[in-house]
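Coordinates in review
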Amino acid sequence: MRAELLHTSLPRGLDGGTGFCVAACTGGMPAATREALAAISGLPEGWPGCSDWERTLRVTRQVSCGGTTHWVATVTRPCGVDHTGRGNRIAHHRVLDAAELERCDPVALLSDHERWQAGWKGEPRELEVPPAIEPMPGRQGPAERWAAVLGDAGAAAEALERAWRSGVGAWVVVPAGSDRLSMLAEMVSLLPLSRRWARG
């Protein structure tokens, strides 16, 4: 299934609610899928002084709903204030089909800023099925960002090995303001494309 859902604070959402609700989703999306995506649309509070870029959450994950499991890519970011004057955020979810998983690097997908909505204007609405994502192989080459930030390009391979062996991931502490997305892209590029979605 290829589908999208956007979740933000509105005076009136697609399902009639108010506050944080569905602003748009692909027509025909099952209610269980809408509810599951809405439930993972939050954005944690940032630390004092952090920028909107540093608060932006980019993630891929498996979401189970209605007896089906989907791979979902999500970008959630601050987006000014809502209709009440409170701080707002928007979560843009993309449900991927099997063919997209075979040809797309997850970090390249999350890094494609033109693909993700930064805010919402207009009335809530249903969306057409999104076009299939064209091949996005991701970056290749040495871990130059790791070398610049941590002084050791080989740290990318070490972090990847630890994350892979743990089965749950690994924490890498880097200085504030570091380009973490570029570091992640360099680390993930060490894997064959077929393994970058952690499917074996």
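The present account deals with the structure reproduced in this document. (Residues numbered from 1 in each chain as written. Predicted model: local features only at pLDDT ≥ 70, side-chain atom pairs only at ≥ 80, totals over all residues. Heavy atoms only, no water.)

A look at the pairing of strand β2 (residues 19-26)
Counting buried residues along β2, seven of its eight residues qualify, which places the element largely inside the surrounding structure. In the sheet, strand β1 (residues 3-10) pairs with β2 via six bridges, with the strands oriented antiparallel. Among the inter-strand pairings, H7 is bridged to a residue of β2, identified as V22. Bridge count between β2 and strand β6 (residues 125-127): three bridges; the pairing is parallel. Bridge pairing links A24 to R125 in β6. (Buried < 20%, exposed > 50% of the residue type's maximum accessible area, 1.4 Å probe, protein only. Helix = DSSP H or I, 4+ residues; strand = E, 2+ residues; numbered from the N terminus. Pairing = 2+ DSSP bridges.)

Remarks on the side chain of R89
Take R89: it is sitting in strand β5 (residues 87-96). Among the polar contacts made by the side chain of R89, one reaches the main-chain carbonyl oxygen of H7 at a distance of 3.0 Å. Contacts of R89, omitting those with residues within four sequence positions, involve H7, T8, S9, F20, S41, G42, L43, T76, R77, P78 and C79. (Polar contact = N/O pair within 3.5 Å; in protein donor to acceptor, adjacent residues only side chain to side chain. Contact = heavy atoms within 4.5 Å.)

Side note on helix α7 (residues 180-188)
Taken together, the buried positions of α7 are occupied by L181, M183, A185, E186, M187 and V188. On its buried face, α7 is in contact with β3 (57-65), α4 (106-111), α5 (144-150) and α6 (155-166).

A few points about the sheet that holds β1
In spatial order, the strands read β3-β4-β5-β1-β2-β6; together these six strands make up an open sheet with mixed pairing. Each edge of the open sheet carries a strand with a single partner, namely β3 and β6. For this sheet, the mean angle separating the axes of adjacent strands, direction not counted, is 30°. Strands in contact with helix α1 (residues 31-39) are β1, β2, β3, β4 (68-81) and β5; relative to β3, the strand with the most contacts, it is inclined by about 145°. (Axes fitted to C-alpha atoms, helices over the stretch in contact; angles between N-to-C directions.)

Thoughts on the pattern of salt bridges
Two side chains that carry opposite charge are able to pair once their charged atoms sit near each other. Applying the stated criterion across every chain yields a total of eight salt bridges. A salt bridge links E100 to R94, with the nearest nitrogen and oxygen atoms 2.9 Å apart. Accessibility classification places E100 together with R94 in one group, the buried group. Note that E158 and R162 form a salt bridge whose closest N and O atoms lie 3.2 Å from each other. With E158 and R162 both in helix α6, this residue pair falls four residues apart, about one helical turn. (Salt bridge = Lys/Arg side-chain N within 4 Å of Asp/Glu carboxyl O.)

A short note on the side chain of H7
Relative to the elements of secondary structure, H7 occurs in strand β1. Look at H7 and you get buried, because its relative accessible area is 7%. The contacts of H7, once residues within four sequence positions are left out, are F20, C21, V22, A23, A38, S41, R89, I90 and A91.

Considering the nonpolar core
Grouped together as the largest cluster of nonpolar side chains are 13 residues, with contacts concentrated most on A73, L96, L109, W116, I133, M136 and W197. Counting residues per element, the ones that place at least two in this core are β4 and α4. Once you skip the residues sitting within four places of it in the chain, M136 turns out to touch R103, C104, D105, A108, L109, D112 and R115. In terms of nonpolar packing, the next biggest core, distinct from the first, is built from 11 residues, L5, C25, A36 and L37 among them. (Core = buried A, V, L, I, M, F, W, Y, C linked by side-chain atoms within 4.5 Å.)

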